[in-house]
Amino acid sequence: MTVHFIGAGPGDPDLITIKGRRLIETCPVCLYAGSLVPEAVVAFAPEGARVLDTAPMTLDETHAEIVAAHARGQDVARVHSGDPSLYGAIAEQIRRLKAEGIPYDITPGVSAYAAAAAAMGQELTIPEVAQSIVLTRMSMKSTGMPEGETLENFGRTGATLAIHLAIRNLREIERQLSPLYGADCPVVVAYRVGWPDELFIRGTLSDIHAKVRDAKITRTALVFVGRALAEEQQFVDSALYDGARPHVLRPKKRAT
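Residues numbered from 1 in each chain as written. Predicted model: local features only at pLDDT ≥ 70, side-chain atom pairs only at ≥ 80, totals over all residues. Heavy atoms only, no water.

A.B. asks: Which parts of the structure should I look at to understand the overall build of the protein chain?
C.D. replies: Per the secondary structure count, the protein chain includes eight helices and 10 strands. Taking all 256 residues of the protein chain together, the buried fraction comes to 41%. Long-range contacts, defined as pairs at least 24 residues apart, comprise 67% of the intrachain contacts of the protein chain with a sequence gap of at least 6. Surface summary for the protein chain: the accessible area is close to 14100 Å², and the carbon and sulfur share equals 52%. (Helix = DSSP H or I, 4+ residues; strand = E, 2+ residues; numbered from the N terminus. Buried < 20%, exposed > 50% of the residue type's maximum accessible area, 1.4 Å probe, protein only. Contact = heavy atoms within 4.5 Å. Areas by Shrake-Rupley, 256 points an atom, 1.4 Å probe, with all protein chains shown as cover.)

A.B. asks: Help me out: how do you make sense of the pattern of salt bridges in this one?
C.D. replies: Opposite charge on two side chains lets them pair, provided their charged atoms get close. Enumeration according to the criterion identifies nine salt bridges in this entry. Between D60 and R96 there is a salt bridge; the shortest N-O distance is 2.7 Å. Within this pair, whereas D60 is found in helix α3 (residues 59–72), its partner R96 is found in helix α4 (residues 91–99), the two being separated by 36 residues in sequence. Here D207 and K211 are joined by a salt bridge, their closest N and O atoms 3.9 Å apart. For D207, a relative accessible area of 27% translates into the label partly exposed. (Salt bridge = Lys/Arg side-chain N within 4 Å of Asp/Glu carboxyl O.)

A.B. asks: Would you take a moment to explain α3 for this structure?
C.D. replies: Working note: α-helix, 3.6 residues per turn, so residues spaced by three or four point in the same direction. Over its 14 residues, α3 extends 20 Å from the first C-alpha to the last, a length consistent with the 20 Å expected when each residue adds 1.5 Å. Within α3 the residues assigned to the buried category are T62, H63, E65, I66 and A69. For α3, the angular spread of the buried residues around the axis is 150°, confining them to a single face. Buried residues along α3 sit against β1 (3–7), β2 (29–32), β3 (50–53), β4 (76–80) and α4. A positive backbone phi angle near 75° is found at G73, which sits one or two residues after α3. (Expected span 1.5 Å × (residues − 1). Arc of directions from axis to C-beta.)

A.B. asks: Help me understand the packing of aromatic side chains, please; the structure alone is not making it clear to me.
C.D. replies: Each aromatic ring pair is specified by the distance between its two centres and by the angle formed by the two planes. Counting across every chain of the model gives one aromatic pair. Aromatic side chains F5 and Y104 sit 6.2 Å apart centroid to centroid with 75° between the ring planes, which places their arrangement in the edge-to-face category. Taken as a pair, F5 in strand β1 and Y104 in strand β5 (residues 104–107) lie far apart in primary sequence, 99 residues in all. According to the relative accessible area criterion, F5 is buried, its value standing at 0%. (Phe/Tyr/Trp six-rings, centres within 6.5 Å; stacked < 30°, edge-to-face > 60°.)

A.B. asks: What's the story with the sheet that holds strand β8 (residues 186–191) in this structure? I'm lost.
C.D. replies: Strand-to-strand pairing in sheets goes through backbone hydrogen bonds, with the strands running parallel or antiparallel. If you trace the five strands from one edge of the open sheet to the other, you get β6-β7-β10-β8-β9, paired in mixed fashion. The open sheet has two edge strands, β6 (133–137) and β9 (199–204), and neither has a second partner. Neighbouring strand axes in the sheet, compared pairwise and without regard to direction, differ in orientation by 20° on average. As paired strands, strand β7 (residues 160–164) and strand β10 (residues 221–225) are joined by three bridges and run antiparallel to one another. Bridge pairing in β10 places I163 opposite V223. Relative to the sheet, helix α5 (residues 112–120) contacts β6, β7, β8, β9 and β10, its axis offset from that of β10 by approximately 70°. Lying on the sheet, helix α8 (residues 208–215) is in contact with β8 and β9; it crosses β9 at an angle near 150°. (Pairing = 2+ DSSP bridges. Axes fitted to C-alpha atoms, helices over the stretch in contact; angles between N-to-C directions.)

A.B. asks: Looking at this structure, how should I read the nonpolar core?
C.D. replies: A general trend in soluble globular proteins is that nonpolar side chains are found buried together. Grouped together as the largest cluster of nonpolar side chains are 24 residues, with contacts concentrated most on I163, I173, L177, V223 and V225. Going through the elements one at a time, β7, α7 (170–181), β8, α8 and β10 are the ones with two or more residues in this core. Counting residues per element, this core draws most heavily on α7, at four residues. Leaving out residues up to four positions away in the same chain, I173 has contacts with M138, L151, I163, A166, S178, L205, V223 and V225. Membership of the second largest hydrophobic core comes to 17 residues, among which are C27, A33, F44 and A45. (Core = buried A, V, L, I, M, F, W, Y, C linked by side-chain atoms within 4.5 Å.)

A.B. asks: What is the right way to look at the side chain of Q176 in this model?
C.D. replies: The topology assignment puts Q176 in helix α7. At 2.8 Å, the side chain of Q176 forms a polar contact with the side chain of E172. Those residues in contact with Q176, other than ones at most four positions away along the chain, are L151 and E152. (Polar contact = N/O pair within 3.5 Å; in protein donor to acceptor, adjacent residues only side chain to side chain.)

A.B. asks: So what exactly am I meant to see when it comes to α4 here?
C.D. replies: Turning to α4, its buried residues number three or more, namely Q93, I94 and L97. The buried residues of α4 all sit within an arc of 95° when viewed along its axis, so they share a single face. Opposite the packed face of α4, turned more than 90 degrees from it, sit the exposed residues A91, R95, K98 and A99. The secondary structure elements touched by the buried residues of α4 are β1, α3, β4 and β5.

A.B. asks: Sorry if this is basic, but what is going on with the sheet that holds β1 here?
C.D. replies: Read from one edge to the other, the open sheet built from five strands follows the order β3-β2-β4-β1-β5, with strand pairing classed as parallel. For this open sheet the edge positions go to β3 and β5, each flanked by a neighbour on one side alone. Sheet twist, expressed as the mean angle between neighbouring strand axes with direction ignored, is 15°. Alignment of β1 against β4, held across five bridges, turns out to be parallel. Among the inter-strand pairings, I6 is bridged to a residue of β4, identified as V79. Its contacts with the sheet put α3 on β1, β2, β3 and β4, and the angle it makes with β2 is roughly 165°.

What follows is the structure in structure tokens.
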């Protein structure tokens, strides 16, 4: 018996990995985060499977389901949105599994930031503009952030920021980041990426709050901040395919 933590992707059922889908198809027990994982993903579960939405359940209750499945010798598909390694709340589940000797493995999924970049048709790492992406969040009603992991500290790097759990705190984002990025810095709010009603709102640090308020978006959104988000900009070509820069897979041509 094994507990399979599976990344379902951001919402589009087609974005789950082949491995993730195959595991769901074979597990007689499927526990999924229904607030963020569409039912179309767990519809792959075999006929007669025990399929439970864990959104209204506690950690104790979900663990009890796993322990019962373990006693029956039944594999469990534990399905999380996006990639379970990022804000998947799997660490505390794994701690309990280890304590009780219950085997588990993890199948990665497509993260919301990657799906959003694809939907926007953009690269997030632009040569000489931004070569780093910071995946972070704001505390809001969730657990607090460790000391030092602040927007201001991350903002000093000039990296592209992908900020989770922040849609209701856009004023604070503007306050902290405008002195570092400039009030005209591009911002994109990606709402329900991969779902039929996905929406992208473009603006700047100075006007994104008003645009989001007008759109009445209050949850399930990812906030991007950074100069790499500009739709039109000048930048140098990457050295990766520069013919003047040979490398081991493209050695310098000898003169004839």
